[in-house]
Amino acid sequence: MRAYQAIVPQGARASLVAKGSARLGAIDLSLEALAVRRESELQFYPSIVSGWMGATHPENPYDVPVHVDALLAGLPAQRYRVETVSTRSAVALGGSWGRWTYDAFIVGANEEAKAQLRNLPDPAAIAQALIAEEPSDALSLYSTSRAVAVPEHLLEDGPVERYMANASQVQASLRGPLLQLPAGALSCNVGVDYRRELMGFNLRLKDADRAVMSSFAACRVPLIDSNMSFPVIEALDLGLGIRGDNYSDIGRVTKQQFGVSWQMTDSLRWQASRAESFRPPSLAELYWRRVVAPMVIYDPKRDETAPITITTGGNPQLRATSRQSSSVSVSFQPRESWQLSAEYWRIKTRGHIAALAPGTLLAYEDFVLPGRILREPPSAEDARMGRPGKLSWLDVSRANVGGATTQGVDLSAEAVFTTSVGTFQPRLLMSLTDKFLYSDLPIRNSWWEDRAGTASEFGTIPKKRAIASLTYTRNQWRASVHARVISSYRDRDLITGEPMQRRVSGGAVWDLHVARDIGNHFRFTAGAFNVTNEEPPFAHVGGSLGFDPSQGDLAGRQIYGRLSAAFD
């Protein structure tokens, strides 16, 4: 059926951007406004009919009711259309007050969207058309010559769903030296922040709202400087930070962070940090409309395909996600044109908010918390065969799952070579993920899987990922070539949720960009993504897609051109 579905949505976008800045005495003022209108329409696969063709149907030669399953490729395809209008405006000001510097800004954003499914089959009308006797009223499954093969009333458009999101934020901060220490000035950045969010569904004015009042402070404490003549210490600084957020719906949360920077020599620097953070569930995750829809899914406990209903949408019982991160890094710059760095990082997340995959939920049914899976009572035959009753319902709405613990190393190398024919700048970024322990089920006892190097429907984490680039600059010209490289990884059976022995091949995708300045105000840029038109490799984790959508797509080579202008 995917042969009938669009690879990418058909869409159009119009945007208007305005920016300005001015200096009013000792105050720097800047303004920005953005308005965007987007339209997109995605074509899905044709409608599917499954039912009984009446004995007197014009195309039934058997004179008895016949059960039929057919793909109605002759019908207009189902389409999902989304129209969005969004606006954003910002005002910022800054200046100096003695030895201190102040900044403040106000941001407002609004987005309104409407979405609609079109050409949906009417089950009652299709059932009636399958038992109709008159050719003009009957649904033709086989004829390609009869003029009236598709009665118009078989298809209908779904309701128009309307959504609104509005946010505003005000922040003010003050930074500068607090007191003088032997190694230098102790400097701090303190401020307050107020944010308000609104979200509405289906023309209701105010479905959900949230107000957040925050205060924060961060200080740099110099401990040693070069004048103190400590061996192998040019400078040693300590960084401390704290932030308190008071949410109108979940209460007050306070998080801390600290770090240390050790300048060992002029060219060698070590840094270490540790931070706490958290993410509250968004208003959409909490209050998005819950939808019950039909679905056909494989039931591993009964070894059969079952027609069921699933519930998706928001979950008001969600909790905030907590996170702890730590890192140690070293940077080495032996000369001005060379720079090398390496960073070890570790991130621990708990209470992660995620949508649940139906197949994975069924694969671990025995461990799932109550209320997510519903079955009919087992029949006498089920009891005799030792299997549960028929599957009838799944709740795949978002939930707080176990979380994740991941660690790895990031490497980078960059150089600049200036020659008589231009400037060359090679760059290499590499990320090596050693571990990605992950739990994605609301189960009684968290079950952890190391997903590093293994495909996942929630996003694959290859063990090795790199971006290599070479940029060339000469006068008004600038050109760059990029290679995005990933390593191979184990595939996953989407039906059972289990990793497989087969591997999905890695490889490189090449991009090319060229830009030229025209006069003092214009720049023309052209290029191509996926220059060699590579297709993603086959992967079971993609199900009927046939590829891993987190690592590639079927869009192929994309060519673009852009003309931009800037005026003082």
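Only a predicted model underlies this, so the values are computations on that prediction, with no experimental measurement involved. (Residues numbered from 1 in each chain as written. Predicted model: local features only at pLDDT ≥ 70, side-chain atom pairs only at ≥ 80, totals over all residues. Heavy atoms only, no water.)

**Q** Can you tell me about unusual backbone geometry, naming the residues and giving the values?
**A** Even without being glycine, Asp-63 reaches a positive phi, approximately 60 degrees. Its place among the elements puts Asp-63 in the loop between strand 3 (47-53) and strand 4 (66-72). Of note in this structure, Asn-533 is not a glycine but carries a positive phi near 60 degrees. With relative accessibility at 38%, the residue Asn-533 sits in the partly exposed group. (Helix = DSSP H or I, 4+ residues; strand = E, 2+ residues; numbered from the N terminus. Buried < 20%, exposed > 50% of the residue type's maximum accessible area, 1.4 Å probe, protein only.)

**Q** Please give an account of the sheet that holds strand 20 (residues 391-395) that cites residues and values.
**A** Two orientations exist for strands paired in a sheet by backbone hydrogen bonds: parallel and antiparallel. With mixed pairing, the four strands of this open sheet are ordered in space as 15-16-20-19. Every interior strand has two partners, whereas the edge strands, strand 15 (291-299) and strand 19 (373-375), have only one. Adjacent strand axes in the sheet meet at a mean angle of 25 degrees when their direction is disregarded. In this sheet, strand 20 lies alongside strand 16 (residues 304-312) in parallel orientation, the contact comprising three bridges. By the bridge assignment for strand 20, Thr-311 is matched with Asp-395. (Pairing = 2+ DSSP bridges. Axes fitted to C-alpha atoms, helices over the stretch in contact; angles between N-to-C directions.)

**Q** Explain the environment of Gly-25 residue by residue, including any values.
**A** In this structure, Gly-25 sits in the loop between strand 1 (10-24) and strand 2 (27-43). As a C-alpha pair, Gly-25 and Gly-95 span 70 residues in sequence and 9.6 Å in three-dimensional space.

**Q** I'd like a rundown of the packing of aromatic side chains, residues and numbers included.
**A** Each aromatic ring pair is described using two quantities: the centre-to-centre distance and the angle formed by the ring planes. Evaluated as defined, the whole model comprises six aromatic pairs. Taken together, a centroid distance of 5.8 Å and an interplanar angle of 20 degrees make the contact between Phe-436 and Tyr-438 stacked. Tyr-438 shares its class with Phe-436; the two are buried. Directly above the aromatic system of Tyr-438 lies the positively charged group of Arg-451, at a separation of 4.3 Å from the ring centroid. (Phe/Tyr/Trp six-rings, centres within 6.5 Å; stacked < 30°, edge-to-face > 60°. Lys NZ or Arg CZ within 6 Å of the ring centre and 35° of its normal.)

**Q** So, helix 1 (residues 123-131): which residues are in play, and what are the values?
**A** Buried within helix 1 are the following residues: Ala-125, Ile-126, Ala-129 and Leu-130. All buried residues of helix 1 project into a common sector of 135 degrees when viewed along the axis, lining one side. In helix 1, the exposed positions that point more than 90 degrees away from the buried face belong to Pro-123, Ala-124 and Gln-128. (Arc of directions from axis to C-beta.)

**Q** So, the state of the cysteines: which residues are in play, and what are the values?
**A** Here the structure, examined in full by the defined rule, presents one disulfide. Disulfide pairing places Cys-188 opposite Cys-219 at an S-S distance of 2.1 Å. Across the S-S bond linking Cys-188 and Cys-219, the dihedral sits near 105 degrees, which makes this disulfide right-handed. With Cys-188 in strand 10 (residues 184-201) and Cys-219 in strand 11 (residues 208-224), the pair connects residues that are 31 residues apart, well separated along the chain. By relative accessible area, Cys-188 is classed as buried at 7%. Overall, Cys-219 belongs to the partly exposed group, its relative accessible area being 24%. (Disulfide = S-S within 2.5 Å.)

**Q** Residue-level account of the environment of Ser-30, with values.
**A** Note on placement: Ser-30 falls in strand 2. Residue Ser-30 is classed as partly exposed on the basis of its relative accessible area, which comes to 31%. Taking the C-alpha atoms as reference, Ser-30 lies 8.2 Å from Ala-90; in sequence the two are 60 residues apart. Residues within four places of Ser-30 in sequence aside, it is in contact with Gly-20, Ser-21, Ala-90, Val-91 and Ala-92. (Contact = heavy atoms within 4.5 Å.)

**Q** Go over the nonpolar core with me, naming the residues and quoting the values.
**A** Formed by 21 residues in total, the largest nonpolar core has its most connected members in Ile-308, Leu-361, Leu-391 and Leu-394. Looking at this core, the elements that each hand over two or more residues are strand 16, helix 3 (358-363), strand 20, strand 21 (399-415) and strand 23 (422-439). Look past the residues within four positions of Ile-308 in its chain and what remains in contact with it is Ala-293, Pro-294, Met-295, Ile-297, Leu-391, Ser-392, Trp-393 and Leu-394. With 13 residues, the next largest nonpolar core counts Met-53, Ala-125, Leu-141 and Leu-155 among its residues. (Core = buried A, V, L, I, M, F, W, Y, C linked by side-chain atoms within 4.5 Å.)

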